[in-house]
Amino acid sequence: MNWELLFQLLLNGIIVGTLYGVVAMCFVLIYKSTQVVNFAQGEFLLIGAWVCWSLLVHWQMPFVVGFLFTLVFMMAFGVLLQIVVLRPMIGEPIISVIMVTIGLSIFMRAAVNWIFGQSAEAFPRIFETDVVSVLGLNVQPAYLMSLVFSLFIMAGFYAFFRYSRYGLAMRATAFNQQVAQSLGISVKTVFALAWAISAMVSALAGVVIGMVNGVSSALSFIGIKVFPAVILGGLDSIVGAVVGGLIVGMLENTAEFVDGQFLHWGNMLTIAPFWVLILLLVLKPYGLFGTKTIERV
Amino acid sequence: MASVSMRPCGDFRTSYKDDSRLFDTALTARIGIGFLLALYLLVGLPLAFPGLADWPVLGWFADSYFLSLGIQICLYGVAAMGLNILVGFTGQISLGHAAFFGVGAFSSAWLNNTWGIPVVLAIPLAGLMAAAVGLLFGAPAARIKGLYLAIATLAAQFIIEDLFVRLDWFTGGSSGAMANAPELFGFAFDTDQTYFLFALTITIVLTVLATNLMRTRDGRALVAVRDHYLSAEVMGINLTRYRVMSFGLAAFYAGIGGALYAHYLMFVSAEAFTILLSIQFLGMIIIGGLGSVKGSILGTIFMVLLPEVMAGGMGMLQATEWGNQPFLVNGLAFLREMAIGAAIILFLIFEPDGLAHRWRQIRAYWSLYPFSH
């Protein structure tokens, strides 16, 4: 047993897992407040990372400025998407809504691949590259930064929903749209806000992952990795999304370890979360923290 | 979702027998059957008399480009029909249809190569094998629905796709598997013309089966499960049984489509059955019209012709002065994917009932012409 490797992989799992958790949170945010299952979540990461990359590389902006521009762009993009594509779908059956976001996802991915190319590009260095040692394990500073970023975002989410007026409005809308509307909350604004926040935070995660692994079309696959995470956590629980993300991150790295040491099947990093997902759906369909729907005739 | 087809005023159905007719009127029956007979003749005649292939109109039907489009429409159409039984009639959703299509393709090649089972028998057996896999992954479908089912089938797609590469003995691993052309009584369907007739025959049989399914108790039970599953259950319909059954049926159709695909290309490789194909299948039935057998075929025609039309348009654009830029020329593959995505979105927003609905409106307009009220 190679303990050092196991711990190293587990640490990576925790760091990647928090990023999954952040993206899963964005997914849950949209699902909770607008009842839309966003299959295009991964493309938000992709677009955000590429926009930031081109601002930094082609326009030679300093990181902070380019990053802020990216966030503003993604906010506008999220709102636009909600108004143009998702608003006509309100009240349609769930299959249609799922299909619209799937259509969006392949449209955006193809467009991005066309514009920016399919090869991976490295981000300009923002942090020094020296490896930092934490408790005897090697960690890249960008990874540490991403951990800090993720925790910061999660704290921000918590504060937003707990203390801000709009956060309260969003929670009310998620609880019951009609009641919220009759209390004077503009449900339209809440929907647009949910997409804007989700797009912005996803782009942030995309930039962070891009800094570590380079920007490429592989980023959109994170959007698919989110599904095991949200199902594990229960679809409508933000805390569950974070926990689910962490579990998936650790799970895939443990699977990688077991596979590399004993099984030698290959490709377990990608596939293991889906096996767990299928098993979980058979055993506990509402996840660990999800609301059990009780149906009445 | 599904709407009653429009009929002229005064044309009422007074018995259940009337209500479950395959064709609305004797005229539509004649047109439908006549169209298919004409198709057989137009493709069959140049085959029997090769000299006829030089004739102006008959020549098109001997052209391998048009025939290959026709074959693609047949084999994808069969799979799309299966998906429509699941999505359009039962209201379940599957993002893993391409995986079952792939299971059919590999099974048929494997049965023929390893066990020496004739291809004509291997194709239905492959359908059954795909159905078995479908039932396996459809078992969770008995308990979950909607979004959870979408995600479960998405997971199934990735797992099966991974198994295609992993199971060397079954699929030939990453190098793929060879498949033979079907043979019947010593006659090999190995040209485009013969294979088109072969695929067309199977497609017609399966279309009739799917249409007939909707006239049986089982078919009506599926629709009841879709429209209001709680009421259906109260009325004594076994939800689990019908949900799993429609999953199995969908996988069976996908398997047959996949087997046709394998024996047409004579080579199967795992890369063909990605999530993008699954999405294309869903696109076909959405564009064609959910809950309509005819719509599945119309949607397949749309989806198969879309890239061809785009490639044609691109060719014309390149002939012009400003269109011949590498940016556009290299972007065709991306434009194709974008067009698929855009078609799905636009149809869902502007024509949620699909081409089948449009078709019914056109028909109603002409059958009532010139007094269209």
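Residues numbered from 1 in each chain as written. Chains lettered and ligands numbered in written order. Predicted model: local features only at pLDDT ≥ 70, side-chain atom pairs only at ≥ 80, totals over all residues. Heavy atoms only, no water.

### Looking at the overall build of chain A
Item 1. Secondary structure assignment for chain A yields eleven helices and two strands.
Item 2. Across chain A, helices and strands are ordered from the amino to the carboxyl terminus as α-α-α-α-β-β-α-α-α-α-α-α-α.
Item 3. In terms of overall size, chain A behaves like a compact globule, its C-alpha atoms giving a radius of gyration of 19 Å where 297 residues would be expected to give roughly 19 Å.
Item 4. Structurally, chain A occupies a C-alpha span of about 60 × 50 × 35 Å along its principal axes.
Item 5. Expressed as a percentage of its 297 residues, the buried residues of chain A come to 53%. (Helix = DSSP H or I, 4+ residues; strand = E, 2+ residues; numbered from the N terminus. Rg over C-alpha atoms; globule rule 2.2 N^0.38 Å. Buried < 20%, exposed > 50% of the residue type's maximum accessible area, 1.4 Å probe, protein only.)

### Observations concerning the side chain of A:T70
Residues and elements named next belong to chain A.
Item 1. Relative to the assigned elements, T70 resides in helix 3 (residues 63–86).
Item 2. Residue classification places T70 among the buried positions, given a relative accessible area of 1%.
Item 3. Residue contacts for T70: discarding those within four places in its chain leaves G48, V51, C52 and L55. (Contact = heavy atoms within 4.5 Å.)

### Quick look at the packing of aromatic side chains
All names here are of chain B.
Item 1. Overall, the coordinates contain 30 aromatic pairs over all chains when judged by the stated rule.
Item 2. Grouped by ring-pair contacts, the aromatic residues Y76, F101, F106, F164, Y261, F273 and F281 constitute a single cluster.
Item 3. Over the ring of Y242 we find R241; its NZ or CZ atom is 4.9 Å from the centre of that ring.
Item 4. The ring of Y229 carries R243 above its face, with NZ or CZ at 5.1 Å from the centroid. (Phe/Tyr/Trp six-rings, centres within 6.5 Å; stacked < 30°, edge-to-face > 60°. Lys NZ or Arg CZ within 6 Å of the ring centre and 35° of its normal.)

### A word on the interface of chain B and chain A
Item 1. Contacts between the two partners involve 45 residues from chain B and, on the opposite side, 46 residues from chain A.
Item 2. Here chain B and chain A share an interface that buries about 4,100 Å² over both sides, 84% of which is from carbon and sulfur atoms.
Item 3. Area buried by chain B at its contact with chain A is led by B:L147, B:Y148 and B:F334, which between them contribute 16% of it.
Item 4. Summed over the shared surface of chain B and chain A, the number is zero salt bridges.
Item 5. At the junction of chain B and chain A, the tally comes to zero residue pairs in polar contact (both at pLDDT 80 or more).
Item 6. Going through the elements one at a time, helix 7 (146–166), helix 11 (229–234), helix 13 (275–288), helix 15 (326–330) and helix 16 (332–350) of chain B are the ones with two or more residues in the side of chain B that touches chain A. (Buried area = accessible area lost by both parts, 1.4 Å probe. Salt bridge = Lys/Arg side-chain N within 4 Å of Asp/Glu carboxyl O. Polar contact = N/O pair within 3.5 Å; in protein donor to acceptor, adjacent residues only side chain to side chain.)

### So, unusual backbone geometry
Item 1. Phi angles above zero are rare outside glycine, and A:Q35 is one such case at about 60°.
Item 2. Position of A:Q35 among the secondary structure elements: in the loop between helix 1 (3–34) and helix 2 (41–57).

### Digging into a nonpolar patch on the surface
Item 1. A surface patch of nonpolar side chains, about 430 Å² in accessible area, is lined by B:L22, B:F23, B:I33, B:L37 and B:V208.
Item 2. Secondary-structure assignment places B:L22 in the loop between helix 1 (16–19) and helix 2 (26–48). (Patch = residues over 30% accessible without salt bridge, like charges linked within 9 Å, V, L, I, M, F, W, Y side chains within 5 Å. Areas by Shrake-Rupley, 256 points an atom, 1.4 Å probe, with all protein chains shown as cover.)

### Section: helix 10 (residues 217–227) of chain B
All names here are of chain B.
Item 1. Along helix 10, the positions that sit buried rather than exposed are G219, A221, L222, V225 and R226. Projected down its long axis, helix 10 carries its buried residues within an arc of 160°, all on one side. Exposed residues lying more than 90 degrees from the buried face of helix 10 are R220 and D227.
Item 2. Elements in contact with the buried residues of helix 10: helix 4 (64–89), helix 9 (192–213), helix 11 and helix 12 (239–265). (Arc of directions from axis to C-beta.)

### Details of the nonpolar core
Item 1. Within the largest apolar cluster, 201 residues are counted, with the highest numbers of intra-cluster contacts made by A:F39, B:Y76, B:F101, B:F196 and B:F273.
Item 2. For this core, the leading source of residues is helix 4 of chain B, giving 16 residues.
Item 3. One finds A:A110, A:A111, B:F334 and B:L335 within the second-largest nonpolar core, a separate group that totals eight residues. (Core = buried A, V, L, I, M, F, W, Y, C linked by side-chain atoms within 4.5 Å.)

### Focus on the environment of B:D353
Item 1. Considering the arrangement of structural elements, one finds B:D353 in the loop between helix 16 and helix 17 (354–367).
Item 2. A residue is classified by how much of its surface remains accessible, and B:D353, at 27% relative accessible area, is partly exposed.

### Some thoughts on the UniProt feature "transmembrane region" (unreviewed entry) in chain B
Item 1. The UniProt feature table records "transmembrane region" (unreviewed entry) at residues 31–53, 65–86, 93–111, 117–139, 146–165, 195–214, 244–266 and 329–350 of chain B.
Item 2. Secondary structure across residues 244–266 of chain B divides into 96% helix and 0% strand, with the first and last C-alpha atoms of the span separated by 32 Å. (UniProt positions renumbered as here; feature names shortened; annotations may be inferred.)

### Remarks on the UniProt feature "transmembrane region" (unreviewed entry) in chain A
All names here are of chain A.
Item 1. When the UniProt feature table is mapped to this numbering, "transmembrane region" (unreviewed entry) covers residues 6–31, 67–86, 93–116, 142–161, 190–214, 226–250 and 262–283.
Item 2. End C-alpha to end C-alpha, residues 190–214 measures 34 Å, and it is 96% helix and 0% strand.
Item 3. Here residues 226–250 runs as 84% helix and 0% strand, with 14 Å between its end C-alpha atoms.

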